[in-house]
Each structure stands twice: as structure tokens, then as C-alpha cells.
Amino acid sequence: MCFVSDHTEPNSLFGLNKQDYWSWIEPLQDYYFNQKQNPLLRQLVSQIANSPKLHTPQGRGRCFIRRALCQKLISVPVEHLAANKRLTSYWYGTDHSIVGDPLLIKELMSILFEVTEIDFQLDVNHCSFLDETWIIPVYMSVSLQPVRELGVKVGHTDHRVLITEVDKDSMAYQAGIQPGYMLDELCGETVYNFAGGKLKHILERNAESTDIVVVKQNLPDGCPFHPILRRQQLAANQTSPISPTTESSAEYTAVCLSYEWSVDEVLSEEAFNTTVSHALTSCGVPRVLLVKVTPLEVSILTEDREVLKTFPYKRLAACGRGSAHQTCFALVERYQQKKAAVIKAYVFETSTSEMATAICQHIGECVCC
């Protein structure tokens, strides 16, 4: 948290290029002047920057911290940043920041030097979901004889390959692979954003063995791993997302990522992107809900049709999508409480960007009527 607190986001237009502490760690060695470069740090930064499993500054930053702790390098980038006051002030303010405060950063450095004396044994190989969460899920690796077909059916949801069915006569089933697992690697290749045809091509060109890495849907304590649960819910609702009730009313199925998220302002495009990013990476449990749009109001219902929340249009301050997460939309409520304005956002994810657009357009049409 000391890296994040009062961290500024220079040159981040509308939140499209969301910055993080990785954004200064990666180019840091280009700003060395009279300081000796650390080859181990440069190698580590290069490996993380080129990893096919990491796609955001947040994920790369989390991976860096884990690996830097294990390699006893966690103090090195902070030490060099502190030596460049101009660069420090560029990335961190002084009001609420440990890194940006000249006195507090000395205390931080003292602590980090002590931390380097600890022998950390962290999982640094499995980093596929660090873009979304600090939590490391349960991975399973199996090696099968060369096959042209795995005997599984898969679905593609939010850049990931979700196993939906497993043939009981297949080697995959015998190896313990189950529906609900997420396919992470196939024959040594990361399958992020892979289409079905590319998976088949990998199997066809493989001659020695079929090595598979999957991510289980539950954590060691039996709780669901939320990034997989969210995709399972999206996949389950891809076939029938809309249920019209009347000519001007409809019910939409969406996955609620954040319920009653307090925000400081009615959301601009940049604030939409930031709010949705926070919701996607939060530890809240995603939940399938119904969004019912009528000419008078928007209601949030459970699948059992219990009404959780109703938004009269006069209290709905905003509804829309950001540009960074086009399958998501947010409803923003504003009302007075004890002479103060309360603003809360409700963030949802749909199966497609077209669906999110349709919901926002429907609400907009009702508001204008």
C-alpha cells in the first residue's frame, strides 16, 4: 500500500493507460545518472515486462513485488527512486504518501532493508491472474500422451478459456480435469485470448506429449476463486441475456461486480473507467442479478425475483460505460443524507459490449421519455 498511496497518474488520458507503481519501476534504470545499475534488477524487470501472462501495470507490479521479495531486491528500486527527487515528485505527492515524504521514505528504506534478510518462499511461476487479484489460485499440471482431441468442450469468456464439459472416456477426465476449470497453458503456450482453432492447431503440431496447466475453480479452503466464478456466471448467461416483458420494459441478466460502491463525484468517463477497474479487482463475490428497466424506474432483482434496489429516474444521476471495459456498465445514484450528497455506484458486467450498450441505451430512452 505504501507504493499506491497518493500515487499520481501522469499522462493517463481518460484512464485508458492506467498507471501504477510498475509504471515507474519499469523505466527507472533509464534515469540512473551517477548510480550503478543493478543487473539482477534489470533482468527481473525485463522478464516481467515480456511475460505473456501479464497484461496490465497492476499485474506486472504485483508480480514484481513477489519476485523481488524472493530475490531480495525489494529495496533496490525504492532506493534509486529516492535518490532522484524530481522523479519522486513526478510520481508521488507529499501530502499522504510514504514514498513522496522525505522523512517517511527513510523509514521505509530501513524496513525494506530488514525485509531483505527474510527468505521468502512465494509462488512466482503462477502469475496468470495477478492482473485481477493478489490471490494465487490452485494450479494443476498434467502430462498426457500426444492427442489430437482433449475430450473437453471449452468456452471463451473475457479472454480466458473455460472448460465447460469433459468426456468421461477421455484422458483429460482420467487426469482429474473437471468442468469449471480454466485452461491456462497448452503444450507450454499461454492460452490467454486464444480462439478454439488455435488450440486445435497446438495439439496437431505437438508430437511428444500434451502438457496441460489448468486453474481450479476453488481455493484450498473450498471458497470459489472469484475471477473464475465471474466468468462462469457470464458464460452461463451468454445464451439468453435479454427477457422482454412489455414493449417498453425489459429484464437483463448481468453479473454484479460491486454493490453500493461509494464515489466522490458523478462519474465522468475517466471516473467510470477507474470505478470499473476497482470493481473488477476487488475481492467482492460476483453475483448474477437481473436489471429490470421500466418507463418509471430501474430495479435490481435476484434470480428469485426478490427486489434488492429500485432507482427512480430522478435519483439516477448517471448510467453508462467507460471506454476501457466495454462489457461493463455502472448505475450511479445520488441523494441527500443529513444535508450531504451521497453518491454510490453499482457496477455490472454483461456477456458482450453490445449488451452493455443496449442496457444503457434503454435506460437513456426511458429517462428522456
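See above for the structure.
Presented here is a report on the structure given in the accompanying data block. (Residues numbered from 1 in each chain as written. Predicted model: local features only at pLDDT ≥ 70, side-chain atom pairs only at ≥ 80, totals over all residues. Heavy atoms only, no water.)

Another point: the packing of aromatic side chains. Applying the stated criterion to the full structure yields 4 aromatic pairs. Seen in terms of ring centroids, Phe-129 and Phe-225 are 5.1 Å apart; in terms of plane orientation they differ by 90 degrees. Their pairing is edge-to-face. In this pair, Phe-129 sits in the loop between helix 6 (102-115) and strand 1 (139-144) while Phe-225 sits in the loop between strand 6 (210-215) and helix 9 (226-236), placing the two residues 96 residues apart along the sequence. The positively charged end of Arg-160 is found above the aromatic ring belonging to Phe-129, 4.2 Å away from the centroid. (Phe/Tyr/Trp six-rings, centres within 6.5 Å; stacked < 30°, edge-to-face > 60°. Helix = DSSP H or I, 4+ residues; strand = E, 2+ residues; numbered from the N terminus. Lys NZ or Arg CZ within 6 Å of the ring centre and 35° of its normal.)

Moving on: the nonpolar core. Membership of the largest hydrophobic core comes to 31 residues, with the highest contact counts inside it found for Trp-24, Ile-25, Ile-48, Phe-64, Ile-74, Leu-81 and Tyr-92. Elements that contribute at least two residues to this core include exactly helix 1 (22-25), helix 2 (39-49), helix 3 (57-70), helix 4 (75-82), helix 5 (85-91) and helix 6. (Core = buried A, V, L, I, M, F, W, Y, C linked by side-chain atoms within 4.5 Å. Buried < 20%, exposed > 50% of the residue type's maximum accessible area, 1.4 Å probe, protein only.)

Mapped onto the fold, Val-124 is located in the loop between helix 6 and strand 1. Of the residues examined, Val-124 reaches a relative accessible area of 26% and is grouped as partly exposed. As a C-alpha pair, Val-124 and Ile-136 span 12 residues in sequence and 9.6 Å in three-dimensional space. Not counting residues within four places of it along the chain, the set of residues in contact with Val-124 comprises Arg-66, Arg-67 and Cys-70. (Contact = heavy atoms within 4.5 Å.)

As a further point, take helix 2. Those residues of helix 2 that sit buried are Leu-41, Leu-44, Val-45 and Ile-48. Buried residues of helix 2, seen end-on, are gathered within an arc of 95 degrees and therefore sit on one face of the element. Among the residues of helix 2, the N-terminal cap falls to Asn-38, whose side-chain oxygen and the backbone nitrogen of Leu-40 are separated by 2.9 Å. (Arc of directions from axis to C-beta. Polar contact = N/O pair within 3.5 Å; in protein donor to acceptor, adjacent residues only side chain to side chain.)

Any two side chains of opposite charge can pair if their charged atoms end up close together. Under the defined criterion, the tally for this structure stands at 13 salt bridges. Between Arg-230 and Asp-158 there is a salt bridge whose closest N-O contact spans 2.9 Å. Linking Arg-230 in helix 9 with Asp-158 in the loop between strand 2 (152-157) and strand 3 (160-166), this pair joins segments that are 72 residues apart in sequence. When the shortest N-O distance is used, the salt bridge between Glu-333 and Lys-309 registers 3.4 Å. With Glu-333 in strand 13 (residues 328-337) and Lys-309 in strand 11 (residues 307-312), the pair connects residues that are 24 residues apart, well separated along the chain. Just as Glu-333 is buried, Lys-309 falls in that class too. In this structure, a network of salt bridges that share partners links the residues Glu-132, Asp-158, Arg-160, Arg-230, Arg-231 and Glu-349. (Salt bridge = Lys/Arg side-chain N within 4 Å of Asp/Glu carboxyl O.)

Within strand 3, 5 of the 7 residues are buried, leaving the element largely enclosed by the surrounding structure. Of the strand pairs in this sheet, strand 2 and strand 3 are connected by 6 bridges, and their pairing is antiparallel. Bridge pairing links Gly-155 to Leu-162 in strand 3. Adjacent in sequence and paired antiparallel, strand 2 and strand 3 are bridged by 2 residues, among which Asp-158 carries a positive phi angle near 50 degrees. Inspection of the sheet shows strand 3 paired to strand 4 (residues 182-186) by 2 bridges, in the antiparallel sense. Within strand 4, the position partnered with Leu-162 by the bridge is Met-182. (Pairing = 2+ DSSP bridges.)

A few words now on unusual backbone geometry. Even without being glycine, Asp-158 reaches a positive phi, approximately 50 degrees. Under the relative-accessibility criterion, Asp-158 is labelled partly exposed at 28%. With a phi angle near 75 degrees, Arg-305 is a residue other than glycine that sits in the positive phi range. Within the secondary structure layout, Arg-305 lies in the loop between strand 10 (297-301) and strand 11.

To continue, consider the side chain of Asp-184. Here Asp-184 is to be found in strand 4. On the accessibility criterion, Asp-184 (3% relative accessible area) is buried. Separated by 3.1 Å, the side chains of Asp-184 and Lys-53 make a polar contact. When sequence neighbours within four positions are dropped, the list of residues in contact with Asp-184 reads Lys-53, Ser-128, Tyr-139, Arg-160, Glu-189, Thr-190, Val-191, Val-213, Val-214 and Val-215.

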